[in-house]
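# Working through the structure, step by step
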Amino acid sequence: MVVRPVVGVLALQGDVREHAAMLERAGARAVPVRRPGELSEVDGLVLPGGESTTMSRLLESFELLEPLRERIAAGMPAFGSCAGMILLAKQALDGRPDQQQLGGLDVVVRRNAFGRQVDSFEEDLDFTGLEGGPLHAVFIRAPWVEKVGDEVEVLARVPETPAAGAAAARIVAVRQGPVLATAFHPELTGDERVHRLFVDLARG
Ligand code: GLN
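Every value quoted in this text rests on a predicted model; they were computed, and no experiment measured them. (Residues numbered from 1 in each chain as written. Predicted model: local features only at pLDDT ≥ 70, side-chain atom pairs only at ≥ 80, totals over all residues. Heavy atoms only, no water.)

## Some words on the packing of aromatic side chains
One pass over the structure, following the stated rule, counts seven aromatic pairs. Three or more aromatic residues joined by ring pairs form one cluster here, namely F114, F121, F127, F139, W144 and F184. (Phe/Tyr/Trp six-rings, centres within 6.5 Å; stacked < 30°, edge-to-face > 60°.)

## Thoughts on the side chain of T182
Tracing the chain through its elements places T182 in strand β12 (residues 179-182). In this structure, T182 is in contact with F79, G80, S81, C82, M85, F127, V172, A173 and V194, ignoring residues within four places of it in sequence. (Helix = DSSP H or I, 4+ residues; strand = E, 2+ residues; numbered from the N terminus. Contact = heavy atoms within 4.5 Å.)

## A short note on the site of the ligand
The ligand sits among G49, G50, E51, S52, C82, A83, I86, R111, N112, I140, R141 and H185. Within the backbone of A83, an N or O atom sits 3.1 Å from an oxygen atom of the ligand. Within the backbone of R141, one N or O atom sits 3.0 Å away from a nitrogen atom of the ligand. Compared with its free state, where it exposes 300 Å², the ligand has 96% of that area covered by protein. A class-by-class count of the residues in the shell around the ligand yields four nonpolar, five polar and three charged. (Near = heavy atom within 4 Å. Polar contact = N/O pair within 3.5 Å; in protein donor to acceptor, adjacent residues only side chain to side chain. Areas by Shrake-Rupley, 256 points an atom, 1.4 Å probe, with all protein chains shown as cover. Nonpolar A, V, L, I, M, F, W, Y, C, P; charged D, E, K, R; others polar.)

Functional significance is not addressed by these values, which are geometric in nature.
And the structure:
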């Protein structure tokens, strides 16, 4: 029998429902996580898109910051999209000085990297390890990854088209062991391949 892992969605802010729906379609049982007790019961955790500075503050006031750091350090599978990627990064550029990092990913990200004039855009990406052709990706005030450590696997980059400008070849999806992150929002496109990849990680 295929195991149906329990995957939490950090439910402090952001697009929690969309992730929960995709996780269920991808074969997990999705549960909201707002308290340390709920965190301790999940096999993996999704950190949704939203606003990383707000989520950072809420993690502190809900007393989730340290428990979450501890679980990530202990190897819990985690998947961050957009703001979630920023939270998982070891370092965030253009963040707020008091913004907290969870540190599951040895990467440096830049917040709102694509610039104010391109608030959001869509692009088809080659995504390492996903079968079935390119992945349609929706970027909303997205970060990009500026630097990766030796342990980090780059899964996707912005294609090098003339229109891409400074965004060409920027890293937008990474994995380090059980920690996965995308600068874009796979929960918004109806293509559940990235969530399946994560549910497999959560299955261990
Ligand atoms: N710009 C946001 C931040 O810094 C992320 C945007 C998003 O998650 N869609 O957190």
